[in-house]
Amino acid sequence: AQSVTQLDSQVPVFEEAPVELRCNYSSSVSVYLFWYVQYPNQGLQLLLKYLSGSTLVKGINGFEAEFNKSQTSFHLRKPSVHISDTAEYFCAVTQSGGYNKLIFGAGTRLAVHP
Amino acid sequence: EAGVAQSPRYKIIEKRQSVAFWCNPISGHATLYWYQQILGQGPKLLIQFQNNGVVDDSQLPKDRFSAERLKGVDSTLKIQPAKLEDSAVYLCASSLAPRGQETQYFGPGTRLLVL
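(A) Representation of the interface of chain A and chain B. Each side of the interface is counted separately: chain A has 22 residues, and chain B has 29 residues. Across the interface of chain A and chain B, roughly 1800 Å² is buried in total on both sides, 49% from carbon and sulfur atoms. Residue Asp56(B) pairs with Lys101(A) through a salt bridge whose shortest N-O separation is 3.6 Å. Where chain A packs against chain B, one counts 11 residue pairs in polar contact (both at pLDDT 80 or more). Mapped by element, the contributors of at least two residues to the side of chain A that touches chain B are strand 5 (31-38), strand 6 (44-50) and strand 10 (87-95) of chain A. Looking at the side of chain A that touches chain B element by element, the count peaks at 4 residues for strand 5 of chain A. Looking at side-chain class alone, the side of chain A that touches chain B contains 11 nonpolar, 9 polar and 2 charged residues.

Next comes the structure, spelled out in structure tokens:
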């Protein structure tokens, strides 16, 4: 079975500052990793995903994430945030070769302040 | 391309009543998912369909929840009778196939409040 831990429930940051949202996972098998964003009263939107290959993955809206197998982490970063990045961010994992059952973390609320 | 559609967007009912949610996936997507998102938590998979067959319903409370996907397109999720702890957002998602690398596309969700 897989599990996901998002280490910070809330992250406040000033506009134009860098941000890192932390995600650790647990699994006894190979996994695929995802980051989704949820804006208020909307569904989830995919930011990026890691399937294989390069451990640095670039996504939409200037976000990127790095897969670290030894530390079982998949942290999300952005070098300069905007007010519009204020949202809930979810890290998720699914078993590679499985039936695409996503296991989500509890989420991190990113609050960008002017 | 139209996204995943869900209705209603909001629903308020009293405990022990029944309620149904509807989902229309992206055209051509064979796999459909229903998730429950309780406030302050990440979404939890309730049931996954491949066409009109069930792939995984291990976390569906089958004594009160039911779901169907007739003709392999639209799907309905029903709760009967509802309990207070069923208050949550119910998200529908779809993907081209059930493979792990496929992106799941989510609808806006139905927010349910049980009083």
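(B) Here's a closer look at the packing of aromatic side chains. One pass over the structure, following the stated rule, counts 13 aromatic pairs over all chains. Taking the centre distance of 5.4 Å and the plane angle of 80° together, the rings of Tyr36(A) and Phe106(B) count as edge-to-face. With one member in each of two chains, Tyr36(A) in strand 5 and Phe106(B) in strand 10 (residues 105-106) form a pair that bridges those chains. Each member of the pair Tyr36(A) and Phe106(B) is classed as buried. Pairing Phe63(A) with Tyr89(A) gives two aromatic rings, centres 5.5 Å apart and planes at 45°, and the pair type is tilted. With Phe63(A) in the loop between strand 7 (56-58) and strand 8 (64-68) and Tyr89(A) in strand 10, this pair connects stretches of sequence that are 26 residues apart. Residue Phe63(A) shares its accessibility class with Tyr89(A), and that shared class is buried.

(C) Up close: the pairing of strand 3 (residues 19-24) of chain B. Residues and elements named next belong to chain B. Side chains of strand 3 alternate between two faces, with Val19, Phe21 and Cys23 buried and Ala20, Trp22 and Asn24 left unburied. Note: strand 1 (residues 5-7) against strand 3, 3 bridges, orientation antiparallel. Looking across to strand 3, one finds that Gln6 is bridged to Cys23. The pairing of strand 3 with strand 8 (residues 75-79) spans 5 bridges and is antiparallel. Bridge pairing in strand 8 places Val19 opposite Ile79.

Rules used throughout
Residues numbered from 1 in each chain as written. Chains lettered and ligands numbered in written order. Predicted model: local features only at pLDDT ≥ 70, side-chain atom pairs only at ≥ 80, totals over all residues. Heavy atoms only, no water. Contact = heavy atoms within 4.5 Å. Buried area = accessible area lost by both parts, 1.4 Å probe. Salt bridge = Lys/Arg side-chain N within 4 Å of Asp/Glu carboxyl O. Polar contact = N/O pair within 3.5 Å; in protein donor to acceptor, adjacent residues only side chain to side chain. Helix = DSSP H or I, 4+ residues; strand = E, 2+ residues; numbered from the N terminus. Nonpolar A, V, L, I, M, F, W, Y, C, P; charged D, E, K, R; others polar. Phe/Tyr/Trp six-rings, centres within 6.5 Å; stacked < 30°, edge-to-face > 60°. Buried < 20%, exposed > 50% of the residue type's maximum accessible area, 1.4 Å probe, protein only. Pairing = 2+ DSSP bridges.

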